[in-house]
Amino acid sequence: MSHPRNPQSLLTPAMRDVLHAIAKAGRPPIALLTAEQAKQGYALGAGVLEVNAHKMARDDTLQIPVRDGAVLRAKLWAEHASPNLPVLLYFHGGGFTVGSPETHEALCKHLAHLAQCAVVSLDYRLAPEHTFPTAHNDAFDALQWLAANATGLGLDVTRMAIGGDSAGGTLTTATAIAARDAGITLKLQLMFYPGCSPEYMPSAHTFEKGFLLEKASIEYFYNHYVPNLADRHDPRFSPLLADVSGVAPAWLGLAECDPLVDEGVAYADHLRLCGVPVDLEIYKGVVHSFIQMGRVIPEALVAHADAARALRHAFA
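The structure reproduced in this document is the subject of the present report. (Residues numbered from 1 in each chain as written. Predicted model: local features only at pLDDT ≥ 70, side-chain atom pairs only at ≥ 80, totals over all residues. Heavy atoms only, no water.)

**Let's talk about the overall build of the protein chain**
The secondary structure content of the protein chain amounts to nine helices and eight strands. For the protein chain, the C-alpha radius of gyration of 18 Å lies close to 20 Å, the compact-globule estimate for 316 residues. The C-alpha extent of the protein chain, read off along each of the three principal axes, is 50 × 40 × 35 Å. Across the 316 residues of the protein chain, 57% fall into the buried class. Pairs at least 24 residues apart make up 78% of the contacts formed inside the protein chain by residues separated by at least 6 positions. Entry remark: accessible area of the protein chain is about 12500 Å², with carbon and sulfur atoms responsible for 55%. Positive and negative side-chain charges in the protein chain, numbering 24 and 32 respectively, have mean positions lying 4 Å apart. (Helix = DSSP H or I, 4+ residues; strand = E, 2+ residues; numbered from the N terminus. Rg over C-alpha atoms; globule rule 2.2 N^0.38 Å. Buried < 20%, exposed > 50% of the residue type's maximum accessible area, 1.4 Å probe, protein only. Contact = heavy atoms within 4.5 Å. Areas by Shrake-Rupley, 256 points an atom, 1.4 Å probe, with all protein chains shown as cover. Lys, Arg positive; Asp, Glu negative; His and termini not counted. Charge placed at Lys NZ, Arg CZ, Asp CG, Glu CD.)

Structure follows, in structure tokens:
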């Protein structure tokens, strides 16, 4: 994408107000915090700009065993207790370092409501305690477990999708590739502003500072999760380096004013070149993490509706 000289001019008035309020609050940049402080701060701020969470008939806690003997928690939400529901396995964002099913609960419940599906939100293990490829392994192990146990949970194994935002979008890309290799059929891979490249692209410099997610924060997260620089060229972390032919159809929702926007556009092109059906939406004038600002940023609700429409279409 081409980027203007004054990128601040792209922001919507509402988005500018949010960024101004955040700056006024005077919180220290995440890059100056310990990982533990970052986790706590993110958890405290997560719901502030979110839509109110929908009431769900099903609100279950699942225990998912993974390859190294650990057992991961996941939340299953569904608005109706009807049998044979399609299901979205969701990976939350947070730079592989912060976040949880709770920080993304309102978003997941809204998608469950709009798409009329169940959402399973995985509490995968976080950096710096768990470095690459732990989160990636957790994500794929959870998909395998869900495929094996869907029927017992009242879910339709023939109508499964995966999705996530930011780091969770990166996990989605890698899990879709692993699903293809394992013969697990997915109806859709749904990604909000994923990281896809081992190198920074032009948008990382255009929106380096002052657009919520900053280049320094990206580096902070990557240093926690991928301390070995060579691993950034692993196709699981940088799906632009992967062979993606034959993966599930994709829906990508990107923020125009995001350091990662060029990576999302490049990945959409990469998928298309490999023959994968792709639906790409770029939401104008908003920043990374906007989908969790549904109370104040209208584009967030548009993105929720667009993503849910893609899920309903895929499940049909």
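The rest of the description comes next.
**Quick look at helix α9 (residues 298-315)**
With 18 residues, α9 ought to run about 26 Å at 1.5 Å a step, and its terminal C-alpha atoms sit 26 Å apart, in line with that. Within α9, burial applies to A300, A303, H304, D306, A307, A308, A310, L311, A314 and F315. (Expected span 1.5 Å × (residues − 1).)

**Some details on the layout of surface pockets**
Considering only enclosed or pocket space, the largest pocket measures out at about 1600 Å³ in volume. In terms of lining, the largest pocket is formed by 50 residues, of which the most central are I22, R27, I30, Y42 and L212. Of the residues assigned to the lining of the largest pocket, the class counts are 29 nonpolar, 15 polar and six charged. Its volume calculated, the second largest pocket comes out at about 210 Å³. Per-element tally for the lining of the second largest pocket: the top contributor is α9, with five residues. (1 Å grid on protein atoms, 1.4 Å probe; cavity = no way out; pocket = protein on both sides within 12 Å on 5 of 7 lines; lining within 4 Å. Points joined across faces, edges and corners; volume = space filled by probe spheres on them. Nonpolar A, V, L, I, M, F, W, Y, C, P; charged D, E, K, R; others polar.)

**Regarding the pairing of strand β3 (residues 85-91)**
Burial analysis of β3 places seven of its seven residues in the buried class, the great majority of the element. In β3, alternate side chains face the same way, and those of L85, V87, L89 and F91 on one face and P86, L88 and Y90 on the other are all buried. Relative to strand β4 (residues 118-122), β3 runs parallel, the two sharing five bridges. Residue pairing for β4: Y90 is matched across the bridge by S121. With helix α3 (residues 105-115) bridging β3 and the parallel β4, this β-α-β connection has right-handed handedness. (Pairing = 2+ DSSP bridges. Right-handed = clockwise from strand over helix to strand, strands pointing away.)

**Focus on the packing of α3 against α9**
One can describe the packing of α3 onto α9 by two numbers: an axis separation of 9 Å at closest approach and a directional angle of 50°. By the criterion of interaxial angle, the relationship of α3 to α9 is oblique. In terms of crossing hand, the pair formed by α3 and α9 is right-handed. Between α3 and α9, the contacting residues are L107, H110, L111, L114 and A115 on the first element and L301, H304, A305, A307, A308, L311 and R312 on the second. Within the contact of α3 with α9, the residues separate by chemical class into nine nonpolar, two polar and one charged. (Axes fitted to C-alpha atoms, helices over the stretch in contact; angles between N-to-C directions. Parallel < 35°, antiparallel > 145°, perpendicular 65-115°, else oblique. Left-handed = near helix turned anticlockwise from the far one by under 90°.)

**Some points on the state of the cysteines**
Applying the stated criterion to the full structure yields zero disulfides. Of the cysteine sulfurs around C108, a residue in no disulfide, the closest is that of C117, at 9.6 Å. Cysteine C274 remains unbridged, with the sulfur of C196 as its closest cysteine sulfur at 13 Å. Among the residues examined, C274 registers a relative accessible area of 26% and is labelled partly exposed. (Disulfide = S-S within 2.5 Å.)

**Focus: the pairing of strand β8 (residues 278-287)**
Direction of pairing for strand β7 (residues 250-257) relative to β8: parallel, over a ladder of seven bridges. Opposite G253, over in β8, you have E281 as the bridge partner. As for the winding sense of the linkage, the β-α-β connection from β7 through helix α8 (residues 261-273) to β8 is right-handed.

**As for helix α2 (residues 35-45)**
Taken residue by residue, α2 has A35, A38 and K39 as its buried positions. All buried residues of α2 lie within an arc of 100° about the axis, which places them on one face of the element. (Arc of directions from axis to C-beta.)

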